[in-house]
Amino acid sequence: MDTNSPPTSVLLATTNEILLDDLLRLSAAAAITPLVEPDLIGLRRSWHSCSLVVVGRDLAEPLARAQPAPRPGVVMVGSALDGDELYRCAFDVGADGVFRLPDDESALAGKLADAVDGAVRTALTLAFVGGCGGAGATTLASAVAVFGNRRGLRTMLIDGDPLGGGIELALGIERDPGDRWPKLLNASGRVSAAALRSALPSVDGLAVLSWDQSDVTALPPDTMSSVIGAAQRSSDLVVVDLPRRADPAVEEGFIRAAATLLVVPCDVRSVAAAKRLVGPLRAVAGDLRVVARESRRPHGLSATDVATHLSLPLATKVTPERDLPVSMDQGRFDPHPRGPLSRAATQILDLFPTPESTAA
């Protein structure tokens, strides 16, 4: 993935070429282009120029003797064979921590990613799932993401269903450049939030992660977890559209969501199908609520009836928007600002605190 992060966000200082190779490999995995200083003079010259300074064992003692000005964001890196001397040097310099490779490689990778991501955000994460086929969960998820983005929330929309129709088709961005899920299949551990956001296609600032036309039909759970984690660190609002089938990757999506919205049409057969999902969803979703999709036809169940039959709190109700399916087929997702979909999306956003409302 490409990144727009500053090339000097991380300073690597070591004369040990083997250690430097390891540090450069971890930096590349975090989408970082570091500044490399191969001696004490360069390290001291660049001491205040980067958000994170990584000092190799070989320069730890010379640096401690030089008594540099204290600063945050310094770590020391050695091997499993290094003794207590490395910790003494870290104490003398005021380093934030010591990492011994290879045992602490994952922890150091996270530290490098933090240097790129900057201040950690606390994103509101909402998962959407249909209670039956054609329930309209994808449409509602897209609407919540679009209207959240219009509120000024830094938003990411994630399509977690490889067998669905594809959110990007509805948004009309299927030919836009950017990464899709298959490009991220090997992602695990800590994924750079800044690199992820910059690599995705977007619509008016709304970042979208969807699927291409490849044969990939499943995700490793580590990939789902890592990618949603990166989305949460770079966003105010993360909206995840998930399938009804149970697998470990899908469960990760529900577990990481603050709330799950089960979209159910107001008819007996749909409610019966949705009822079979409620038990498995309760096991992985911390806050499960129902969105009742009302029909324009008479004699259907009411929204209250649906919530009662499923023993779930009613988040809101929504009715179909007449012209929207045709627009979506044409690659235009543009709900009417005062239409039923807009009202439902707004009501859902109002149910949950976001960084915008928390700061108010």
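Quick caveat, the model's predicted, so the values are computed rather than measured.

On to the packing of aromatic side chains, then. Summed over all chains, the structure comprises one aromatic pair. Seen from the ring of Phe-147, Arg-150 lies directly overhead, with NZ or CZ sitting 4.9 Å from the centre.

One can find Ser-270 in helix α11 (residues 268-284). The contact partners of Ser-270, leaving out residues within four places of it in the chain, are Gly-131, Cys-132, Val-264 and Pro-265.

For the coordinates displayed, the defined rule picks out one cavity of 30 Å³ or more. Lining the largest cavity, in full, are Gly-160, Pro-162, Trp-211, Ala-218, Leu-219, Met-224, Arg-245, Asp-247, Ala-249 and Val-250. A class-by-class count of the residues in the lining of the largest cavity yields seven nonpolar, one polar and two charged.

Looking at the element boundaries, Asp-179 is found in the loop between α7 (167-171) and α8 (193-199). Side chain to side chain, Asp-179 and Lys-183 meet in a polar contact 3.2 Å long.

Taken together, the eight strands give an open sheet; going across it, the order is β8-β9-β7-β10-β6-β11-β12-β13, and neighbouring strands pair in mixed fashion. In this open sheet, the two edge strands, each paired with only one partner strand, are β8 (202-203) and β13 (314-318). Those strands touched by helix α6 (residues 137-150) are β6 (124-130), β7 (155-159), β8, β9 (206-209), β10 (237-241), β11 (259-265) and β12 (288-293), and its axis lies near 170 degrees from that of β10. Each of β6, β10, β12 and β13 touches helix α14 (residues 340-351); the most contacted strand, β13, lies at about 165 degrees to it.

Moving on to the pattern of salt bridges. Pairing between side chains of opposite charge can happen when their charged atoms approach one another. For the structure shown, the criterion picks out 15 salt bridges. With a shortest N-O distance of 3.0 Å, Arg-57 and Glu-61 are connected by a salt bridge. Pair noted here: Arg-57 and Glu-61 are both in helix α3 (residues 57-66), with a separation of four residues, about one helical turn. Classification of Glu-61 by relative accessible area gives partly exposed; the value is 27%. With a shortest N-O distance of 3.7 Å, Arg-57 and Asp-82 are connected by a salt bridge. Pair noted here: Arg-57 is in helix α3 and Asp-82 is in the loop between β4 (74-79) and α4 (85-93), with a separation of 25 residues, a long-range link. Classification of Arg-57 as partly exposed rests on a relative accessible area of 22%. A cluster of three or more residues bridged by salt bridges with shared partners is formed by Asp-22, Arg-25 and Glu-105.

On average, residues of the protein chain carry a pLDDT of 87, and 92% of them reach 70 or more. Predicted confidence is poor over residues 1-7, with pLDDT under 50, and the contacts of this stretch with residues over four places away or in other chains come to 17 contacts.

Another point: the environment of Val-146. Take Val-146: it is sitting in helix α6. Val-146 gets classed as buried once you look at its relative accessible area, which sits at 10%. As a C-alpha pair, Val-146 and Asp-267 span 121 residues in sequence and 28 Å in three-dimensional space. Setting aside residues no more than four positions away along its own chain, Val-146 makes contact with Leu-206 and Phe-333.

Attention shifts here to the environment of Asp-247. Within the secondary structure layout, Asp-247 lies in the loop between β10 and α10 (248-256). The class of Asp-247 is buried, set by a relative accessible area of 18%. When the C-alpha positions of Asp-247 and Ser-46 are compared, they lie 48 Å apart, and in sequence the two are 201 residues distant.

Calculation notes
Residues numbered from 1 in each chain as written. Predicted model: local features only at pLDDT ≥ 70, side-chain atom pairs only at ≥ 80, totals over all residues. Heavy atoms only, no water. Phe/Tyr/Trp six-rings, centres within 6.5 Å; stacked < 30°, edge-to-face > 60°. Lys NZ or Arg CZ within 6 Å of the ring centre and 35° of its normal. Helix = DSSP H or I, 4+ residues; strand = E, 2+ residues; numbered from the N terminus. Contact = heavy atoms within 4.5 Å. 1 Å grid on protein atoms, 1.4 Å probe; cavity = no way out; pocket = protein on both sides within 12 Å on 5 of 7 lines; lining within 4 Å. Points joined across faces, edges and corners; volume = space filled by probe spheres on them. Nonpolar A, V, L, I, M, F, W, Y, C, P; charged D, E, K, R; others polar. Polar contact = N/O pair within 3.5 Å; in protein donor to acceptor, adjacent residues only side chain to side chain. Pairing = 2+ DSSP bridges. Axes fitted to C-alpha atoms, helices over the stretch in contact; angles between N-to-C directions. Salt bridge = Lys/Arg side-chain N within 4 Å of Asp/Glu carboxyl O. Buried < 20%, exposed > 50% of the residue type's maximum accessible area, 1.4 Å probe, protein only. pLDDT = per-residue confidence, 0-100.

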